[in-house]
Amino acid sequence: MGAENKTDEEKQNGDGTLFDLNDYTIIKEGDAEILMHAKNEVFYNKTQVNNRDMSVAVLRTFISQRKQEHEAMLTRRRTKAGNKVPDAKAEIPDDSGQHNGESNDGSEVLEDASHNESCSKPEEETKNLRGKGREELKPPRVLEALSASGLRALRYAREVEGISQVVALDNDKASVEACRRNIKFNGSVACSKVESHLADARVYMLTHSKEFDVVDLDPYGAPSVFLDSAVQSVADGGMLMCTATDMAVLCGGNGEVCYSKYGSYPLRGKYCHEMALRILLASIESHANRYKRYIVPVLSVQMDFYVRVFVRIYTSASDMKSTPLKLSYVYQCTGCDSFHLQPVGRTVSKNNSVRYLPGFGPAVSQECSDCGKKFNMGGPIWSAPIHDQEWVAAILADVKSMKDRYPAYERISAVLTTVSEELPDIPLFLSLHNLCATLKCTSPSAVIFRSAVINAGYRISGTHVNPLGLKTDAPMDVIWDIMRCWIKNHPVKAQPSDQAGSVILAKEPVLQANFSRAVASLSKAQAKKVARFLPNPERHWGPKLRAGRQITSKHVSLLGPKALNGINNHENGDGSNHEDVEEPAAKRKKTEESDS
């Protein structure tokens, strides 16, 4: 691999200039290899291997599903037309998921020639949208809007069969140079499929409307500023992959900031990470609606320190009207763990027509019926399903069949297994330990509690977001009745009468809970003892430094002492602490004074 006829110490950049290989570390992930400079000039995050593996798995499934949808569409058309070539004016349904007629086949040279992509576009699109040419499903084009080193784009090109082109963008010159260097370093396959451009992703996506079958957004922080242009850049039936790493904002640390970025107010409940997923989905849907488009989530996960969503995007003014039915406000009691959802909209059917109306309210009274405390209101959030279970099953099967090709196989298979067992139609979840903390009681085992819910006639499952989280369609009064029955057999100490737990326990249970072991109290994965929640693979697992930041000893909590020692060894050759990795003298003196 790499440029031919060059020594090990001397390689060629994408622009033809030479560079010294000794200044770089070769990082291999999957089938791709990249060169990383010791000075942290371009951002690379090792922890995102889970993210990249999951994206590769979803992309493979998307290509397969897209092909099946296209074949089904052709079968319907031929059946309807009596096996004749369809009329030139025949229209394709918006949800067919096929390619939108791009002219670029992915074989462009490496030089920045983005203006060539739009040449003669209207004529060629018209030609492909009509008649026989439209029946051919073109290989998908992928846009990685924020490429940095280009590792993700290279993995897509080298590992996912059927991709015609990957366009990697960045507005940082050093990142584009690094990306082009890595494309060259990965050989002919990468050179033929991957392009790197120096461009503002927002402008590029706006000027390439509906041209990409897949758009990948993985910013350092919030993706909110890219969403408006991203939803316009995805072809009908295409896929938007989006990551948000600003979890402190999405989980309620700064509610006003979250509202300004995503148009939703977060609540600080145990379910905050799932709420973060649903806030992001609601925000994407809001941006899509402005262009008569809507989203269909196929997979939404919270892993490590971020949330990641995979959604299909379609265009339909009539289907877009259903958006208020998929959104809800959340009322969270300030005293106990009771929460309630208030749908934004509802429908009324009369004869063959459907009317869209505002949702009925209020969903709750001024005071909680369980403990008497006030409610906080958050949202709106996406309250429709956040996964397509058929997709999840297909992705998981693909991952298991190709486990050797996923560096993070153990982690992503565990997440997908847990996702596959979630109740798809239940927004948010309860924490059994939180319920017990409110009542100041010992906790029943998860199996006993789940059995009581099932025996009462309701459904219950775990959640991939939290090992202690429980999704159920049982109303809160049933949940509290089960806990009251549990406490009758496991008494608690007397508490002040004004506390939420005391108010709840003062009421007699209406439902008499049955704690006998239910058959479905364990999921299939639990019964087979399949790992579902894995520990972090190493200490200091989390987001790393932005590119260009000077690495000093204060970053030991992020990188770990071994990483700093490795940098010192590379810089100085002897493992001693000198210059670049030392703190400034004034700052070091101030730190020493504070320590003393």
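Scroll up to find the structure.
Everything numeric here is computed off the predicted structure, so don't read it as measured data.

Thresholds, definitions, all that
- Residues numbered from 1 in each chain as written.
- Predicted model: local features only at pLDDT ≥ 70, side-chain atom pairs only at ≥ 80, totals over all residues.
- Heavy atoms only, no water.
- Buried < 20%, exposed > 50% of the residue type's maximum accessible area, 1.4 Å probe, protein only.
- Helix = DSSP H or I, 4+ residues; strand = E, 2+ residues; numbered from the N terminus.
- Pairing = 2+ DSSP bridges.
- Right-handed = clockwise from strand over helix to strand, strands pointing away.
- Axes fitted to C-alpha atoms, helices over the stretch in contact; angles between N-to-C directions.
- Contact = heavy atoms within 4.5 Å.
- Arc of directions from axis to C-beta.
- Polar contact = N/O pair within 3.5 Å; in protein donor to acceptor, adjacent residues only side chain to side chain.

(A) Spatial organisation of the pairing of strand E8 (residues 212–217). Most of E8 is tucked away, with 6 of its 6 residues classed as buried. Across 3 bridges, the pairing between strand E5 (residues 141–144) and E8 is parallel. In the strand pairing of E8, Val 142 is matched with Val 214. When E8 meets strand E9 (residues 234–244), the two strands line up parallel, connected through 5 bridges. Among the inter-strand pairings, Asp 216 is bridged to a residue of E9, identified as Met 241. Handedness of the E8-helix H7 (residues 224–233)-E9 crossover: right-handed.

(B) Region of the structure containing the environment of Ala 500. By secondary structure assignment, the location of Ala 500 is in helix H16 (residues 500–505). Separated by 61 residues in the primary sequence, Ala 500 and Leu 439 have C-alpha atoms spaced 7.7 Å apart.

(C) Layout of the sheet that holds strand E11 (residues 306–315). Taken in spatial order, the 7 strands line up as E7-E6-E5-E8-E9-E11-E10 in an open sheet, and their pairing is mixed. If you trace the sheet from one side to the other, it starts and ends with strand E7 (194–198) and strand E10 (293–303), each paired once. Ignoring strand direction, the axes of neighbouring strands in this sheet form an average angle of 15°. Contacts from helix H3 (residues 151–159) reach E5, strand E6 (165–170), E7, E8, E9 and E11 within the one sheet, and its direction differs from that of E6 by about 180°.

(D) Broad picture of the sheet that holds strand E17 (residues 430–431). Spatial ordering of the open sheet is given by E17-E19-E18, a layout of 3 strands whose pairing is antiparallel. For this open sheet the edge positions go to E17 and strand E18 (460–461), each flanked by a neighbour on one side alone. When E18 meets strand E19 (residues 469–472), the two strands line up antiparallel, connected through 2 bridges. What sits directly across from Ser 461, in E19, is Lys 471.

(E) Structural context of helix H13 (residues 432–439). Burial in H13 covers these residues: Leu 432, Leu 435, Cys 436, Thr 438 and Leu 439. The arc enclosing the buried residues of H13, seen along the axis, measures out at 155°, which places them on a common side. Positive phi appears at Lys 440, one or two residues downstream of H13, with a value of about 55°.

(F) Up close: the side chain of His 387. When you line up the elements, His 387 lands in the loop between strand E16 (375–382) and helix H11 (389–401). For His 387, a relative accessible area of 7% puts it in the buried group. There is a polar contact of 3.3 Å between the side chain of His 387 and the backbone nitrogen of Ser 300. In terms of polar contacts, His 387 uses its side chain to reach the side chain of Glu 422, at 3.2 Å. If near-sequence neighbours (up to four positions away) are discounted, His 387 is found in contact with Pro 297, Val 298, Leu 299, Ser 300, Val 392, Val 419, Glu 422 and His 464.

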